[in-house]
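Listed below, chain by chain, are the residues.
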Amino acid sequence: MLSFLPSFILMPFSFSLFCLNLALCGSFVFLGGLCKLLLPFTAFHRALVYPMNFFYRFWALNNYLLIIIFNRVSWTIKGDAALDKNAWYLLIANHQSWLDIFILSHFARTRIPAPKYFLKNSLKKVPFVGMACWALDMPFMKRYSKSYLKKHPHLIGKDIATTKQSCEKFKNQPTTIINFVEGTRFTKEKHLRQKNNFKHLLTPKPSGIAFTVQAMGEQFDKVLLVSLIYPQNPGHIMKDTLQGKLKEVIIDIEQINRNELLQGDYNNDVNYKRNFHRWLTQLWHLSDIKINKYLTK
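> How should the nonpolar core be read in this particular structure?
Nonpolar side chains tend toward joint burial in soluble globular proteins. Among the nonpolar cores identified, the biggest contains 47 residues, and Leu 91, Leu 99, Leu 104 and Val 226 are the most heavily contacted of them. When residues of this core are assigned to their parent elements, the largest contribution, nine residues, is made by helix 2 (residues 42-70). Ignoring anything within four residues of it in the chain, the contact list for Leu 99 reads Ile 67, Tyr 230, Ile 237, Met 238, Thr 241 and Leu 246. Core analysis: the second largest hydrophobic core is formed by 29 residues, Phe 170, Ile 250, Leu 262 and Phe 276 among them.

Okay, here's the thing in structure tokens:
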């Protein structure tokens, strides 16, 4: 709608509105977080789930509206039939840009339960964002390196136990857990350094998703393998969006029925760990093939 404006006008204007949306919706969620701190009652916290998720979805809706206002963009969403907002999903996706979070939030807004991201414990200290994520019941993980655990063996298994405790609240509330299994955003430089067998993806990191599965695998109804593609924006995707240059967004979903690989002890069962690696690699090759087809049309 406003993509005809020059980039030097569009970029600061669109950036300001995205920030304003975050500040507005984040403030309401922040207030919810304060209420949770002041009134530590389980029933009250459960009642707050609905208004908190409303503001999260409102934030996602506003982001979508801003994207289409500033960009002449076409959308393709494939494979979303029969998704249920009352189910539990594990969503794994490739990661190319900060825009991915906006796109996945828009996708989830009317199709699946409000998504939860497993976050680094250090994000708790980020003003407003940390409180908002805590208010939205997003689990915070404190991961320990192998060298650290050797020096502090009493902490072995504590990260899993903490995450399981965080996930207890999801048993009564349909939830989508999102995991970017590459662990970082894709760049050509990172891809060249890895020298892997994928054309458009970085090597998946099984430990992160296995950590999630070990915490709450029995609750998931399906795994959603999501391939995010921006065919006409091979460079800095978020920057292109702010400048009104985003042309096309493709969201391709493969729905995978829950199986025995969502049950097991990744840390201590060698056979399970090997099979889990194989399963995830097969899914990643499937996503890589899909992305390649869209990019070579």
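Having seen it, we continue.
> Looking at this structure, how should I read the packing of helix 8 (residues 206-216) against helix 10 (residues 270-295)?
Between two packed helices, both the angle of their axes relative to each other and the distance between the axes serve to describe the pair. Running from N to C, helix 8 and helix 10 point in directions that differ by 110°, and their axes come no closer than 11 Å. What the angle tells us is that helix 8 and helix 10 run roughly perpendicular. With respect to the hand of their crossing, helix 8 and helix 10 are arranged in right-handed fashion. Here Pro 206, Ile 209, Ala 210 and Val 213 of helix 8 come into contact with helix 10, specifically with Tyr 272, Phe 276, His 277 and Leu 280.

> Help me out: how do you make sense of the packing of helix 2 against helix 3 (residues 99-109) in this one?
With their axes 9 Å apart at the nearest point, helix 2 and helix 3 run at an angle of 115° to one another. One finds that helix 2 runs roughly perpendicular with respect to helix 3. For the pair helix 2 and helix 3, the crossing hand works out as left-handed. Taking contact as the criterion, the partners of Tyr 56, Arg 57, Trp 59, Ala 60, Leu 61, Asn 63, Tyr 64 and Ile 67 in helix 2 are, on helix 3, Leu 99, Ile 101, Phe 102, Ile 103, Ser 105, His 106, Ala 108 and Arg 109. Residues that form the contact of helix 2 with helix 3 fall into these classes: 11 nonpolar, three polar and two charged.

> Quick question: what am I supposed to make of the pairing of strand 6 (residues 176-180) here?
Most of strand 6 is tucked away, with five of its five residues classed as buried. Here strand 6 shows no split at all, with Thr 176, Ile 178 and Phe 180 on one side and Ile 177 and Asn 179 on the other all buried. Taken together, the five bridges between strand 2 (residues 89-93) and strand 6 define a ladder with parallel strand orientation. Residue pairing across strands places Leu 90 opposite Ile 177, the latter belonging to strand 6. Sheet analysis places strand 3 (residues 115-117) next to strand 6, joined by three bridges and oriented parallel. Opposite Lys 116, over in strand 6, you have Ile 177 as the bridge partner.

> Explain the pattern of salt bridges here, please?
Pairs may arise between side chains of opposite charge once their charged atoms sit close together. Per the counting criterion, the structure on display carries three salt bridges. The shortest N-O distance in the salt bridge between Asp 252 and Lys 290 comes to 2.6 Å. You can see Asp 252 sitting in strand 8 (residues 248-257) and its partner Lys 290 sitting in helix 10, a full 38 residues away along the chain. Residue classification places Asp 252 among the buried positions, given a relative accessible area of 3%. For Lys 290, a relative accessible area of 15% translates into the label buried. Between Glu 254 and Lys 290 there is a salt bridge whose closest N-O contact spans 2.6 Å. Within this pair, whereas Glu 254 is found in strand 8, its partner Lys 290 is found in helix 10, the two being separated by 36 residues in sequence. Under the relative-accessibility criterion, Glu 254 is labelled partly exposed at 29%.

> Would you mind going over unusual backbone geometry with me for this structure?
The phi torsion of most residues other than glycine is negative, and most of the peptide bonds are trans. One non-glycine residue, Ala 82, adopts positive backbone phi at about 70°. Position of Ala 82 among the secondary structure elements: in the loop between strand 1 (74-78) and strand 2. One non-glycine residue, Lys 195, adopts positive backbone phi at about 50°.

> What is the right way to read the environment of Phe 180 from this model?
Its location among the elements puts Phe 180 in strand 6. According to the relative accessible area criterion, Phe 180 is buried, its value standing at 16%. Those residues in contact with Phe 180 that sit more than four places away from it in its chain are Ala 93, Asn 94, His 95, Asp 100, Ile 101, Leu 104 and Tyr 117.

Rules and cut-offs
Residues numbered from 1 in each chain as written. Predicted model: local features only at pLDDT ≥ 70, side-chain atom pairs only at ≥ 80, totals over all residues. Heavy atoms only, no water. Core = buried A, V, L, I, M, F, W, Y, C linked by side-chain atoms within 4.5 Å. Buried < 20%, exposed > 50% of the residue type's maximum accessible area, 1.4 Å probe, protein only. Helix = DSSP H or I, 4+ residues; strand = E, 2+ residues; numbered from the N terminus. Contact = heavy atoms within 4.5 Å. Axes fitted to C-alpha atoms, helices over the stretch in contact; angles between N-to-C directions. Parallel < 35°, antiparallel > 145°, perpendicular 65-115°, else oblique. Left-handed = near helix turned anticlockwise from the far one by under 90°. Nonpolar A, V, L, I, M, F, W, Y, C, P; charged D, E, K, R; others polar. Pairing = 2+ DSSP bridges. Salt bridge = Lys/Arg side-chain N within 4 Å of Asp/Glu carboxyl O.

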